[in-house]
Structures are given as C-alpha cells and as structure tokens.
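Summary of structural features
For reference, the chains in residue letters:
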Amino acid sequence: MIGSLLPPSGVTPLNFSPGPTSLAAEVQTSIKALFDAERMCSMYLSHRSPEFLDILANVVQRCRMAMNIPEQYEILFMHGGGHGQFAAVPLNLCPKGDEKATYLVNGTWSKRALSDASKYCRPIVVSSENTDGTFTHNPSFEHLDPESKYVYLCSNETVNGIELHQLPKLSIKAPLVIDASSDFSTKPIDWLGSNVGVLYACASKNIGHPGLTLCVIRKDLLGTPSQLCPGVLCYTTNAREGNLWNTIATFNVEVVNIFMQWMIAQGGVHEMERRAIAKSSMLYDLIDKSEGFYSTPIADPSIRSRMNIPFDVAGGDEETTRDFLIQGWEQGIVGLRTLTPFGVGKYLRASLYNGVSVHQAKVLADFMAGFLKTYRTKDSAA
Ligand SMILES: *Cc1c(COP(=O)(O)O)cnc(C)c1O
C-alpha cells in the first residue's frame, strides 16, 4: 500500500520517510528513559515549573551553541508547524498588510508559503517553476525589488530535492526569511553574514517530532507585528514572555533538547554536514553511474539536496518500480514512496535526515546496487 511504513514482521525498519521520521537510535533510547527517570518527564510537567524552566533554558542554550546563533537573535518554540509560519512571517513583518515581500519560489513548499502569505502582504514572485509544473533549478537571486520587507526562501525543497548548501548573500538590504524545515542543523549558517532575519524549522524532519517549530528571529525585527497577528503566532509576544505566553509543547521541547545534546556530542553541525554529504554522495554516485537505470531530476550537483533524493527506477516503469519497492521492503527499507500534500509524485524519494545513519544509507545504496545488478543479469539472459 502506498505510504505504508510497516516492514515484514521480525524485520527492523529502515525509515527513509520524508517526515515525520525516526530519530537516531541513541536519541530514541534517551527519550524512552525519560519515563523511567526519578524526576517527572516533561510530558506531565507544568510548563511554569522550575524543572521545566530548567529544560527550556538548556534547550535554548544548546540550540544557540550547536548552531552558533548570535545573541542578536531570539530562539522561540512555537506551535503550528511550518504551515503556521507561512502566515506568521508576513503577520509579524508586514504590519499594514500591503507591504511588498519577495518570494523566491524553488519548489512546492515555497509555493505553498507564497499562497498563504498573499493573504497578509503583497508578494513579488520570483519563481523557477517549469511550464510542466516541475522545479529543477533555483530562480535568480539578482535584481530583487529593494522595497521588499523581506526575501523569502526555502533552503531545502523537500519534495523537489533542491537545496542551497549555503545561504545567498543578497545585494538588497531586505533580510532573508528562511524555511529550513528539512535542513536545519545539517549545515552551518552564517546568520549575520547572510542577513538572516527569520529562520524557522518544523521539528519533525531533523530535530524532533511534530508539534513544535523552532523559530530564530533577529531582535530588531520584533515589535511591529500586524494588529491582526494572533498571539500564538506573534514573535514579539512569545519573545517578551520567554516562550511561555501560552502552554509550550513541553515534551517536544525536551525531545529537541535530547537531540541537541546528542548532536553536540557527535561533533556538532560540522559532523552532521559531513554525514549528510557522505550519505547523499553514496546515492547520487550510484544513480549517476547506473547508466540511466536510476535517474534523478536535479542535474546540477551544486543544488542537489543532501536530505531528500528523488529518483526513479527503470525510467519509472511501474512493474520494475514495484519489484524494487517490494524487495526493499523485504529488507525493511520503507518510506521511499509516500503521499505528500502535492500527490504521490513521479519519483521515489530517499530522505536522509540526521536520524538516518551513514550505515543505514549504505544499506540502501547496497540494495540499489544489487537490484540493478540482478536486473541487468536478467535483462541480458532474456
Ligand atoms: C515539512 C515541511 C513543511 C511543512 O511543515 P508542517 O509542520 O507540516 O506544517 C514546510 N516546509 C518545508 C520545507 C517542509 O519540508
């Protein structure tokens, strides 16, 4: 069944889902241990108790340290996911509601962000959408409207497989607003050098599980939300109240805290980046050397996503693709064909977030190499 993640009984799943997805085994073990610990687990701690305040202070400090976030930025844990931020950004940065904001559209998520934002500001659209609705490159970052309040950009288009391995340095003064939902914590960010105004990431891809969104906001952008901005989406209100204006997602915050602790112990963001490069290179190399048996829609290696690798099997042939998925599934490989808000799509997709180890990516690469070999042998016998 499309989207099923259940492996055969007795087989350990290898989860290549686009998200939500698995966290590293050590992180999952630490989460389980929260329930056995002497002190109460954050799932049932009051968000205003000293015990939780301690966790909150820890996680803010760890995020700052792990991602090198300068003091000029507030770190917030908000509700509403990535989608909440599609509205929160203009509601916080465009007080009048008719200000211009540039939307660089390089895939399905930035396109969706644009459509929600157009209710609350006047977007200027710079899109790289092809006439057939696909996205295979970035739009130009030159000649942007200098009157824009901000320039919106998704640093990893999860569905299309396009990533900015570094944030651009724009020639206009407007701050960048970055949707880093699917790549946050997998590469360093030059916060001030790239003029980042706001960066957000829903937790469920790399740093935790659904229900919490990490938002990093430069302090000079606080203080002028639209009057219509709901409190739960308001950066100014949440920053002023130290993340406790309403009930923060306590358990989710503790999970992010455990994740950050793990990430720092593993060697931090540079190590996460090294692994992301190692994992994705294995798959791209295999695809590129398969003489067209596997193919990926993004030709330019400099924008290929390290997080999400779309690919097809035997030119998309249904029967071969089905054999591929079933044989993979027998080994526990799941999550390669999933439903998205944008349909099932033409391509399978391997997602290699922080929770996927280099070894697990190798299992997938080895399986793909083996499948190709068997296919070729059968083909030449026929
Ligand atoms: C998953 C994702 C979203 C959507 O996040 P929700 O938490 O489902 O609202 C937004 N942007 C990007 C880039 C994503 O990968």
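1. Points about the pattern of salt bridges
Across all of its chains, the model carries 18 salt bridges by this definition. Among the salt bridges present, the one from Arg218 reaches Asp220, with a minimum N-O distance of 2.7 Å. Across the pair Arg337 and Glu318 runs a salt bridge whose closest N-O atoms are separated by 3.4 Å. Of the two residues, Arg337 is situated in the loop between β13 (333-334) and β14 (348-351) and Glu318 in helix α8 (residues 318-330); the sequence distance between them amounts to 19 residues. Owing to a relative accessible area of 21%, Arg337 belongs among the partly exposed residues under this scheme. Note on Glu318: relative accessible area 43%, which makes it partly exposed.

2. Thoughts on the sheet that holds strand β11 (residues 294-295)
Spatially, β11-β12-β14 is the arrangement adopted by the three strands of the open sheet, whose pairing is antiparallel. Edge positions in the sheet fall to β11 and β14, since each has one partner strand and no second. In the sheet, β11 pairs with strand β12 (residues 308-313) via two bridges, with the strands oriented antiparallel. Directly across from Tyr294, in β12, lies its bridge partner Val313. Across the sheet, α8 touches β11, β12 and β14, and the angle it forms with β12 is around 125°.

3. Some words on the site of the ligand
Surrounding the ligand, one finds 13 residues, the nearest of these being Gly82, His83, Thr158, Asp179 and Lys205. A distance of 3.0 Å separates an oxygen atom of the ligand from a polar backbone atom of Gly82. Within the side chain of Thr158, a nitrogen or oxygen atom sits 2.5 Å from an oxygen atom of the ligand. Its free accessible area being 380 Å², the ligand has 84% of it covered by the protein chains. With four residues, the top contributor of residues to the shell around the ligand is helix α3 (residues 81-93). Residues belonging to the shell around the ligand are distributed by class as follows: four nonpolar, seven polar and two charged.

What counts as what
Residues numbered from 1 in each chain as written. Predicted model: local features only at pLDDT ≥ 70, side-chain atom pairs only at ≥ 80, totals over all residues. Heavy atoms only, no water. Salt bridge = Lys/Arg side-chain N within 4 Å of Asp/Glu carboxyl O. Helix = DSSP H or I, 4+ residues; strand = E, 2+ residues; numbered from the N terminus. Buried < 20%, exposed > 50% of the residue type's maximum accessible area, 1.4 Å probe, protein only. Pairing = 2+ DSSP bridges. Contact = heavy atoms within 4.5 Å. Axes fitted to C-alpha atoms, helices over the stretch in contact; angles between N-to-C directions. Near = heavy atom within 4 Å. Polar contact = N/O pair within 3.5 Å; in protein donor to acceptor, adjacent residues only side chain to side chain. Areas by Shrake-Rupley, 256 points an atom, 1.4 Å probe, with all protein chains shown as cover. Nonpolar A, V, L, I, M, F, W, Y, C, P; charged D, E, K, R; others polar.

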